[in-house]
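# Overview (structure and organization)
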Number of protein chains: 2
Amino acid sequence: MFRPFLSRALPTQSVAKRALSTGIPKASPLWKLGRLNHVAIAVPDIDQSTAFYRDLLGATVSAKVPLPEHGVYTVFVELGNTKIELLHPYGENSPIQGFLNKNKSGGIHHICIEVDDVTKAVNDLMAKGIKALNPVPKIGAHGKPVVFLHPKDCHGTLVELEQS
Amino acid sequence: MFRPFLSRALPTQSVAKRALSTGIPKASPLWKLGRLNHVAIAVPDIDQSTAFYRDLLGATVSAKVPLPEHGVYTVFVELGNTKIELLHPYGENSPIQGFLNKNKSGGIHHICIEVDDVTKAVNDLMAKGIKALNPVPKIGAHGKPVVFLHPKDCHGTLVELEQS
C-alpha cells in the first residue's frame, strides 16, 4: 500500500549537512554502494541460534566455522536475497566479547554493505568527516578487504563496507 | 575464500533442542521462510541519517513518510537486494521512543523476514515455544500482516515476520 518516492544521489564532494541545506545530493563518483552482504548477529550460544534459524524458521544454514584470526565462530543463515551471519566469540581476545558482555542475550552487531572499491570508499568518507575503525582496509572474514565505519558517525550503527 | 557447507532443513514438528541432539532438521511444512525484507534502524535525526545514506553513501532513498497509526516516520534506503528502514518516533506513544531513550545515538532495532503465511508461521512457532509480541497478526507499516517475535526467544534480536 505504501509507495515511497525514490530519489538517487548525484555525485559531488560535499558533506551531508550541506546537502541537507541545499537539497542537492552529494555522493562520490569515485565508488559505488552495492547490496547488503549480511546482517551480523552476536549470540551467546551459536549452536542453539543455528538450530533456531534452521529447525524452527526453516532456513538453510552453513556449518559452524572457527575463524581464529578474527576471533569468531561464524554460521551463515541464507535468506535468498542476503544472509544473517551468526557470530560467537573464539578465543580470549574476540572482538565481539565486549558486545556480548553488554548484551548477554545477544543482539544485532553490525550490517555489511558491499562497495565496488573499499579503499576509495573509505578515503572519500574520511575526507567527508566519517571516522573508520580501520582506515586501512583489512582482510575480513570472507577473504575480502573490509573497513568498519565508526558507529558514532553512522547514527549508532556499526557499518562494515566490504569489497564486492 | 570461505565456502560454507549449506544444509537445508527438513520439515517435521520437533523443537530446536531435540534437533540439535539428533542432528535432524525440524522445520515446519506448513509455511516457508522468504527473503530479508528490511533491516530497521532507529535514529534520533531522520533527516541527518537520510542525508548520510543518500549523500555520503550514494544510496537511493524514499521520501520521509509519517505513519501516525504506527507512531513512526519512515525512510527507506534501497540497497538493491533489500532495504534499510530508518525509523524515527512520531507522536507521544511511539513504539521506538523507549529504544531511543536507551540508545541515544540510534541503533539497529529489528530485522524483518518475509514468510508465505504469517498466521501459520506464528501459530507453528508459538506451538514450539517461541513467544510473539502480537500473537494475532496486525497490519504493519507496509500494509501487510506482520508479527513480532519476542527478542528473548530469538537470542536478543527483535524479529518481524511479514506476509510476503
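Please read all numbers here as calculations on a predicted model, not as lab measurements. (Residues numbered from 1 in each chain as written. Chains lettered and ligands numbered in written order. Predicted model: local features only at pLDDT ≥ 70, side-chain atom pairs only at ≥ 80, totals over all residues. Heavy atoms only, no water.)

What follows deals with the overall build of chain A. Helix and strand counts for chain A come out as four helices and 10 strands. Order of helices (α) and strands (β) in chain A, N terminus to C terminus: β-α-β-α-β-β-β-β-α-β-α-β-β-β. Sorting the 164 residues of chain A into buried and exposed places 54% on the buried side. Contacts in chain A between residues far apart in sequence, at least 24 positions, make up 51% of those at least 6 positions apart. (Helix = DSSP H or I, 4+ residues; strand = E, 2+ residues; numbered from the N terminus. Buried < 20%, exposed > 50% of the residue type's maximum accessible area, 1.4 Å probe, protein only. Contact = heavy atoms within 4.5 Å.)

Residue and element names in this part refer to chain A. With a phi angle near 60°, H155 is a residue other than glycine that sits in the positive phi range. Tracing the backbone shows H155 in the loop between β9 (145-149) and β10 (159-163). For H155, a relative accessible area of 11% translates into the label buried.

Of all hydrophobic cores here, the largest spans 66 residues; its most connected members are Y53, I111 and L161 of chain A together with Y53, I111 and L161 of chain B. If we ignore the near neighbours within four places in the chain, the residues touching L161 of chain B are I113, V115, V118, A121, L125, P145, V146, V147 and L149 of chain B. (Core = buried A, V, L, I, M, F, W, Y, C linked by side-chain atoms within 4.5 Å.)

Residues and elements named next belong to chain A. What the rule picks out here adds up to four aromatic pairs over all chains. Pairing Y73 with Y90 gives two aromatic rings, centres 5.0 Å apart and planes at 65°, and the pair type is edge-to-face. Residue Y73 is located in strand β5 (residues 72-78), and its partner Y90 is located in the loop between β6 (83-89) and α3 (97-102); the two are separated by 17 residues in the primary sequence. Since its relative accessible area comes to 29%, Y90 is described here as partly exposed. One Lys or Arg, K64, reaches over the ring of Y73 and ends 5.3 Å from the middle of that ring. (Phe/Tyr/Trp six-rings, centres within 6.5 Å; stacked < 30°, edge-to-face > 60°. Lys NZ or Arg CZ within 6 Å of the ring centre and 35° of its normal.)

Take the environment of Q163 of chain B next. Residues and elements named next belong to chain B. In this structure, Q163 sits in strand β10 (residues 159-163). Take Q163: its relative accessible area is 21%, and that puts it in the partly exposed class. C-alpha of Q163 to C-alpha of G34: the two residues are 129 residues apart in sequence and 9.3 Å apart in space. Sequence-distant contacts of Q163, defined by excluding residues within four places in its chain, comprise V115, D116, D117, V118, K144 and P145. In terms of polar contacts, Q163 uses its side chain to reach the backbone carbonyl oxygen of D116, at 2.7 Å. (Polar contact = N/O pair within 3.5 Å; in protein donor to acceptor, adjacent residues only side chain to side chain.)

Right, let's talk about helix α2 (residues 46-56) of chain A for a bit. Residues and elements named next belong to chain A. Where burial is concerned, most of α2 is hidden: nine out of the 11 residues are buried. Buried within α2 we find I46, S49, T50, A51, F52, Y53, R54, D55 and L56. Between the side-chain oxygen of the N-cap and the backbone nitrogen of D47 there are 3.2 Å, and the N-cap of α2 in question is D45.

V118, A121, V122, D124 and L125 of chain B are the residues of helix α4 (residues 118-127) of chain B that are buried. Along α4 of chain B, the residues classed as buried sweep out an arc of 165° about the axis, all on the same side. In this fold, the buried residues of α4 of chain B make contact with α2 of chain A together with β7 (107-115), β9 (145-149) and β10 of chain B. For α4 of chain B, the N-terminal capping position is held by D117 of chain B, with its side-chain oxygen 3.2 Å away from the main-chain nitrogen of T119 of chain B. (Arc of directions from axis to C-beta.)

Moving on, we get to the environment of V43 of chain A. Mapped onto the elements of the fold, V43 of chain A is located in the loop between β2 (33-42) and α2. Exposure remark for V43 of chain A: the relative accessible area of 1% places this residue in the buried category. Here the alpha-carbon distance between V43 of chain A and H109 of chain A, two residues 66 residues apart in the chain, equals 9.4 Å. In this structure V43 of chain A touches S49, L86, L87, H88, P89, L100 and G106 of chain A together with H155 of chain B, once residues within four positions along its chain are discounted.

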